[in-house]
Amino acid sequence: MKIVKVFLGDRSYSIYIKADILREAGKYIKELNLSNRVLIITNPTVGGYYLNELIKYLKEYDLIPCIAEVPDGEEYKSLEYASYLYDKMISFKLDRNTPVIAFGGGVIGDLAGFVTATFMRGLPLIQIPTTLLSQVDSSVGGKVAVNHPKSKNMIGSFYQPKMVLIDVNLLRTLPGRELKSGLSEVIKYGVIKDKSLFDYLKENISKIKELNRECLEEIIARSCKIKADIVSRDEREAGVRAILNYGHTVGHALESITKYDKYRHGEAIAVGMIVESNMAVEMNLFDKNGVVEQEDLFKETGLKINFRNIEVGSIIKAMWLDKKVLEEKLRFVLPVEIGSVIIKECIDEEIIKKAIKMQEEKDD
Ligand code: NAD
Ligand code: GLY
């Protein structure tokens, strides 16, 4: 088993990574000394595959599960469904010590995290993420949120879980497109912080795509460690945490222009990472070979790094509308070498346009 720790004083917690750890969920939750009643929040897709198993494993440790399901989809990460969950929580008569398990991908993690943070001013949250993206990113670090009709993740908070349990075997049922989307975030960690992770991905990408257990545990643990170290230093994104947004300034713009309908998150940030790398090359900060290395790895992974039928001007406009715009300045995370990035503001718009255009209509 691999264990990664997030150090945040009395809110510190562990991330346990192991194939089949779901079977031991009852044991780990029991060790937290909370109420015996447990609320599981999930959706019918994840629930359909794994809910009966999870209920059985919790009951083996005398835990008493209550279940709340929300439909599957980003559109249900909303205040309306938060309110639906509050109603359920009231009807279940939860108390301040009742653990809530977010059992699903990032949508469930963010929504369940948000209601858990706010119901009775906060219940203990346990993340059991079931997509690769949620295992390497959204379940760690405490960002919880729902979407506003006009802006994604606009209503939220920082609320750390008590524990994260990551079972790589759950990825066996994950659609291939979702796996690739998660891999994009793993590649991001390599570029921002860890060249040896990037090289490991290059060497093992075929095995990873075949869901080799050791490889998955390795890349998830290394990704979680990078995120955990950053969050331990800068929980509220006042500084270094912003480097986690490599590829996101452009990626978020692509997602929002296409109404969150065309791209999975990781697909959009893959394009974003290459555009932001192009910018770094234009500014003489980064060697062109570093862009090619990333492009090759994205292609091996099965992620596209070009886009079509989107106007460059609309991408720039959408970037300005993002909630990450600070003091009316666009911020970009730019690589200086594989494994190291810097944050830059006030970049000449011609450089940004040129870097975006380089990926427009580029061959697959
Ligand atoms: P998702 O939660 O929508 O899951 C993708 C699909 O996979 C869904 O249909 C889901 O039901 C299904 N699924 C989940 N686990 C499965 C499994 N084991 N087997 C089969 N199907 C499974 O998408 P996601 O990519 O996990 O998360 C995206 C969300 O995460 C977005 O809302 C994004 O804003 C959020 N996010 C949050 C953070 C954060 O720090 N809080 C970071 C990144 C992304
Ligand atoms: N996903 C970026 C962050 O958690 O800060």
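Okay, so let's go over this structure. (Residues numbered from 1 in each chain as written. Chains lettered and ligands numbered in written order. Predicted model: local features only at pLDDT ≥ 70, side-chain atom pairs only at ≥ 80, totals over all residues. Heavy atoms only, no water.)

1. A look at the site of ligand 2
Turning to step 1, where the next piece is worked out: The environment of ligand 2 is formed by Asp137, Lys143, Lys227, Glu237, Arg241 and Leu244.
Turning to step 2, where the next piece is worked out: Take Asp137: an N or O atom from its side chain is 3.1 Å from a nitrogen atom of ligand 2.
Turning to step 3, where the next piece is worked out: In this structure, an oxygen atom belonging to ligand 2 sits 2.9 Å away from a side-chain N or O atom of Lys143.
Turning to step 4, where the next piece is worked out: For ligand 2, the accessible surface in isolation is 200 Å², of which the surrounding protein chains cover 89%.
Turning to step 5, where the next piece is worked out: Taken together, the residues that form the shell around ligand 2 break down as 1 nonpolar, no polar and 5 charged. (Near = heavy atom within 4 Å. Polar contact = N/O pair within 3.5 Å; in protein donor to acceptor, adjacent residues only side chain to side chain. Areas by Shrake-Rupley, 256 points an atom, 1.4 Å probe, with all protein chains shown as cover. Nonpolar A, V, L, I, M, F, W, Y, C, P; charged D, E, K, R; others polar.)

2. Notes on the site of ligand 1
Turning to step 1, where the next piece is worked out: Neighbouring residues of ligand 1: 27 residues in total, closest Glu74, Thr130, Thr131, Lys152 and Thr173.
Turning to step 2, where the next piece is worked out: Asn43 has a polar side-chain atom sitting 3.0 Å from an oxygen atom of ligand 1.
Turning to step 3, where the next piece is worked out: In this structure, Thr173 approaches ligand 1 through a side-chain N or O atom, which is 2.7 Å from a nitrogen atom.
Turning to step 4, where the next piece is worked out: Contributing elements (two or more residues each) for the shell around ligand 1: helix H2 (44–59), helix H4 (106–118), helix H5 (132–138) and strand S8 (151–158).
Turning to step 5, where the next piece is worked out: Broken down by element, the residue count for the shell around ligand 1 peaks at 4 residues, all from H2. (Helix = DSSP H or I, 4+ residues; strand = E, 2+ residues; numbered from the N terminus.)

3. Examining unusual backbone geometry
Turning to step 1, where the next piece is worked out: Non-glycine residue Glu237 carries a positive phi angle of around 60 degrees.
Turning to step 2, where the next piece is worked out: Within the element layout of this structure, Glu237 appears in the loop between helix H8 (213–233) and helix H9 (248–257).
Turning to step 3, where the next piece is worked out: Phi is positive for Cys346, which is not a glycine, with a value near 55 degrees.
Turning to step 4, where the next piece is worked out: On the basis of relative accessibility, which here comes to 60%, the residue Cys346 falls in the exposed class. (Buried < 20%, exposed > 50% of the residue type's maximum accessible area, 1.4 Å probe, protein only.)

4. Comments concerning the sheet that holds strand S2 (residues 13–17)
Turning to step 1, where the next piece is worked out: Spatially, the 7 strands line up as an open sheet ordered S1-S2-S9-S6-S5-S3-S4, and their pairing is mixed. Here the strands that pair on one side only, and so sit at the sheet edges, are strand S1 (2–6) and strand S4 (64–69). With strand direction ignored, the average angle separating the axes of adjacent strands in the sheet is 20 degrees.
Turning to step 2, where the next piece is worked out: As judged from the 5 bridges shared by S1 and S2, these two strands associate in the antiparallel manner. Within the sheet, the bridge partner assigned to Lys2 lies in S2 and is Ile17.
Turning to step 3, where the next piece is worked out: Across the face of the sheet, H4 comes into contact with strand S3 (37–42), strand S5 (100–104) and strand S6 (125–129) while running at roughly 165 degrees to S5. (Pairing = 2+ DSSP bridges. Axes fitted to C-alpha atoms, helices over the stretch in contact; angles between N-to-C directions. Contact = heavy atoms within 4.5 Å.)

5. Quick look at the environment of Ala82
Turning to step 1, where the next piece is worked out: For Ala82, the position within the fold is in helix H3 (residues 79–91).
Turning to step 2, where the next piece is worked out: Take Ala82: its relative accessible area is 0%, and that puts it in the buried class.
Turning to step 3, where the next piece is worked out: Put simply, Ala82 and Ala145 are 63 residues apart on the chain and 9.9 Å apart in space, counted from C-alpha to C-alpha.
Turning to step 4, where the next piece is worked out: Residues in contact with Ala82, not counting those within four places in the same chain, are Leu111, Phe114, Val115 and Val146.

6. Focus on the side chain of Thr131
Turning to step 1, where the next piece is worked out: Mapping Thr131 onto the fold places it in the loop between S6 and H5.
Turning to step 2, where the next piece is worked out: Judged by relative accessible area, which is 16%, Thr131 ranks as buried.

7. Points about the pattern of salt bridges
Turning to step 1, where the next piece is worked out: Tallying each qualifying case throughout the model produces 25 salt bridges.
Turning to step 2, where the next piece is worked out: Close ionic contact of Arg11 with Glu235 constitutes a salt bridge, the shortest N to O distance being 2.8 Å. Here Arg11, found in the loop between S1 and S2, pairs with Glu235, found in the loop between H8 and H9; they are 224 residues apart in sequence, far enough to count as distant.
Turning to step 3, where the next piece is worked out: Here Glu235 falls in the buried class, since its relative accessible area comes to 14%.
Turning to step 4, where the next piece is worked out: Across the pair Glu185 and Lys188 runs a salt bridge, and its minimum N-O distance is 2.9 Å. Separated by 3 residues within a single helix, Glu185 and Lys188 lie in helix H6 (residues 176–193), roughly one turn from each other. Across the pair, Lys188 and Glu185 agree in class, each one buried.
Turning to step 5, where the next piece is worked out: When salt bridges with common partners are traced through the structure, they connect Lys2, Asp194, Glu218 and Arg222 into a single cluster. (Salt bridge = Lys/Arg side-chain N within 4 Å of Asp/Glu carboxyl O.)

8. With respect to the packing of H6 against H8
Turning to step 1, where the next piece is worked out: Contact geometry for H6 and H8: axes closest at 10 Å, N-to-C directions at 60 degrees. Taken together, the axes of H6 and H8 are oblique relative to one another. Where H6 crosses over H8, the handedness of that crossing is left-handed. Contacts from Leu183, Val186, Tyr189, Ile192 and Lys193 in H6 reach Ile219, Ser223, Ile226, Lys227, Ile230 and Arg233 in H8.
Turning to step 2, where the next piece is worked out: The residue inventory of the contact of H6 with H8, partitioned by class, reads 7 nonpolar, 1 polar and 3 charged. (Parallel < 35°, antiparallel > 145°, perpendicular 65-115°, else oblique. Left-handed = near helix turned anticlockwise from the far one by under 90°.)

9. So, the nonpolar core
Turning to step 1, where the next piece is worked out: Ranked by internal contacts, the top residues of the largest apolar core, which has 78 residues, are Ile15, Ile219, Ile220, Phe332 and Ile352.
Turning to step 2, where the next piece is worked out: Ile219 has contacts with Leu183, Val186, Leu197, Tyr200, Leu201 and Ile208, leaving out every residue within four places of it along the chain. (Core = buried A, V, L, I, M, F, W, Y, C linked by side-chain atoms within 4.5 Å.)

10. Details of the side chain of Glu276
Turning to step 1, where the next piece is worked out: The residue Glu276 is located in helix H10 (residues 265–282) in this model.
Turning to step 2, where the next piece is worked out: Here Glu276 occupies a buried position and makes no salt bridge, while the nearest side chain of opposite charge, Lys188, is found at 10 Å.
Turning to step 3, where the next piece is worked out: Side-chain polar atoms of Glu276 contact the backbone nitrogen of Gly247, separated by 2.8 Å. (Lys, Arg positive; Asp, Glu negative; His and termini not counted.)

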